Amino acid sequence: MPVNWPRLNKNYLLALISNHIIYYPTPITLTYAWSFGALAGICLVVQMLSGIFLAMHYTPNIDLAFSSVEYIMRDVNNGWFIRYVHANGASMFFIVVYFHIFRGLYYGSYMAPREHLWCSGVLLFVLMMGTAFTGYVLPWGQMSFWGATVITSLVTVIPVAGQPIVEWLWGGYTVNNPTLNRFFSIHFTLPFVIAGLTLIHLALLHKEGSSNPIGSDTGVDDIPFYPYFFAKDLFAFFCFLFVFAFFVFYFPNVLNHPDNCIPADPLKTPAHVVPEWYFLPFYAILRSIPHKAGGIAAMGGSIIVLFLLPFIYSSEIRNTTYRPIFKFFYWLFVTDFIMLMWLGQKPVKDTYVIAGQIATVYYFLFFTIGISLIGKIESKLVNYNS
């Protein structure tokens, strides 16, 4: 029996590769918009590898963290390259994932029978946000320190237990050395959790099959993934690599806040505390509500509503070609999201606050009422025309 195990394992591995990569049935109508999922997986691998190499030289101590980052940049062989790949890789990761999410929204990838697939993807997005936030604190610059202070302080809104939870997160009564140690541990651990959940996400994808632009699940127009879509994803990868390299080699700091190049100073608050650019839409939603608890609830609700989306939409129309009303409101939503991103970096003034409130209202209306109502209207129009 033990003699046959290597053969069984080898045959199982070959069958796995054959069924889920080479001969995996893929709709022939897939466009390059479906390549963002593969690119997200590549980004995860890049972040994990570069992060491991950075962790070999990083020191999670408030007196040494900033200096250790400078040491990586100046004295470690190719340390500047590893750090810029990791820092810009985070932004590239979010760009790819945002495109992946918006593609899913446009083509209705959240519809049955892919509800669990969509929810697992949203959970991956939440874990990404947690990983990015804890990682942003590690350089221990001005924006790192004050960003951690502001965001973790939001937990105090929880009745009774809020303050004890914050003190537990901080490891004391202020953001200090225990906080940095804990964030480093969380930041190093979460990518492995994301990798595990990614496998579940892929298993759910291969169980239900990929969605497609025409909304057909008959399988009649399916072709093998290899070599057709392998070549397509490979071309998308090289295009992505060109953009990634452009930022790493020519504009490595353009997506980072300049205040984070200043060592953290607990006695000097920056004039305008803002998170990284990929958090700005949710930060704008937080600030648009004048009440602290209400703002936190709205920010949390902006993520929770993504989980509820598969259960809100009830129409049977899958082909976006037959959803002209939805197209209009969808692109209005994309504009709204970009507007929130722009408003998130602006100072707290009446004009920006009012604009943020209007954008926030549309954000929630699109998910809670708009998608469901639009779906019903379009269903009636299709039935009437037929």
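Residues numbered from 1 in each chain as written. Predicted model: local features only at pLDDT ≥ 70, side-chain atom pairs only at ≥ 80, totals over all residues. Heavy atoms only, no water.

Let's talk about the overall build of the protein
Along the backbone of the protein there are 13 helices and two strands. Whereas a compact globule of 386 residues would reach a radius of gyration of roughly 21 Å, the protein reaches 23 Å, a difference of no more than 12%. For the protein, the spread of C-alpha atoms along the principal axes amounts to about 70 × 65 × 45 Å. Within the protein, the proportion of its 386 residues that are buried is 43%. As displayed, the protein offers around 20,400 Å² of accessible surface, 72% of which is attributable to carbon and sulfur atoms. Here the protein contributes 19 positive and 17 negative side-chain charges, whose respective centroids are spaced 4 Å apart. (Helix = DSSP H or I, 4+ residues; strand = E, 2+ residues; numbered from the N terminus. Rg over C-alpha atoms; globule rule 2.2 N^0.38 Å. Buried < 20%, exposed > 50% of the residue type's maximum accessible area, 1.4 Å probe, protein only. Areas by Shrake-Rupley, 256 points an atom, 1.4 Å probe, with all protein chains shown as cover. Lys, Arg positive; Asp, Glu negative; His and termini not counted. Charge placed at Lys NZ, Arg CZ, Asp CG, Glu CD.)

A look at the packing of aromatic side chains
Remark: the centre distance and the inter-plane angle together describe each pair of aromatic rings, the angle taken between the planes. Throughout the structure, instances matching the rule amount to 49 aromatic pairs. An angle of 85 degrees between the planes, with centres 6.0 Å apart, marks the rings of Phe246 and Phe247 as edge-to-face. Seen from their ring centres, Tyr363 and Phe364 are 5.4 Å apart, and the 75 degrees between their planes marks the pair as edge-to-face. Phe364 gets classed as partly exposed once you look at its relative accessible area, which sits at 21%. Looking at Lys232, its charged tip hangs above the ring of Tyr32, at a distance of 5.1 Å from the centre. Over the ring of Phe326 we find Arg323; its NZ or CZ atom is 3.9 Å from the centre of that ring. (Phe/Tyr/Trp six-rings, centres within 6.5 Å; stacked < 30°, edge-to-face > 60°. Lys NZ or Arg CZ within 6 Å of the ring centre and 35° of its normal.)

Description of the side chain of Ser68
Note that Ser68 resides in helix H3 (residues 65-74). Those residues within four positions of Ser68 in sequence are excluded, and the remaining contacts are His57, Tyr58 and Thr59. (Contact = heavy atoms within 4.5 Å.)

What about a nonpolar patch on the surface?
Taken together, Val45, Leu49, Ile52, Phe53, Met56, Phe188 and Phe192 make up a surface patch of nonpolar side chains, about 660 Å² in accessible area. Among the elements of the structure, helix H2 (36-55) and helix H8 (177-208) are those that each provide at least two residues to the nonpolar patch. Element by element, the count of residues in the nonpolar patch is highest for H2, at four residues. For Val45, the position within the fold is in helix H2. Using a relative accessible area of 46% as the deciding quantity, one classes Val45 as partly exposed. (Patch = residues over 30% accessible without salt bridge, like charges linked within 9 Å, V, L, I, M, F, W, Y side chains within 5 Å. Salt bridge = Lys/Arg side-chain N within 4 Å of Asp/Glu carboxyl O.)

With respect to the domain arrangement of the protein
Domain assignment breaks the protein into domain 1 (20-209 + 221-273) and domain 2 (286-385). Its C-alpha centre places domain 1 at a distance of 24 Å from the equivalent point of domain 2. In this complex, domain 1 contributes 24 residues to the contact, which on the side of domain 2 involves 29 residues. Between the two partners, domain 1 and domain 2, sit zero salt bridges. (Domains from an automatic or database assignment.)

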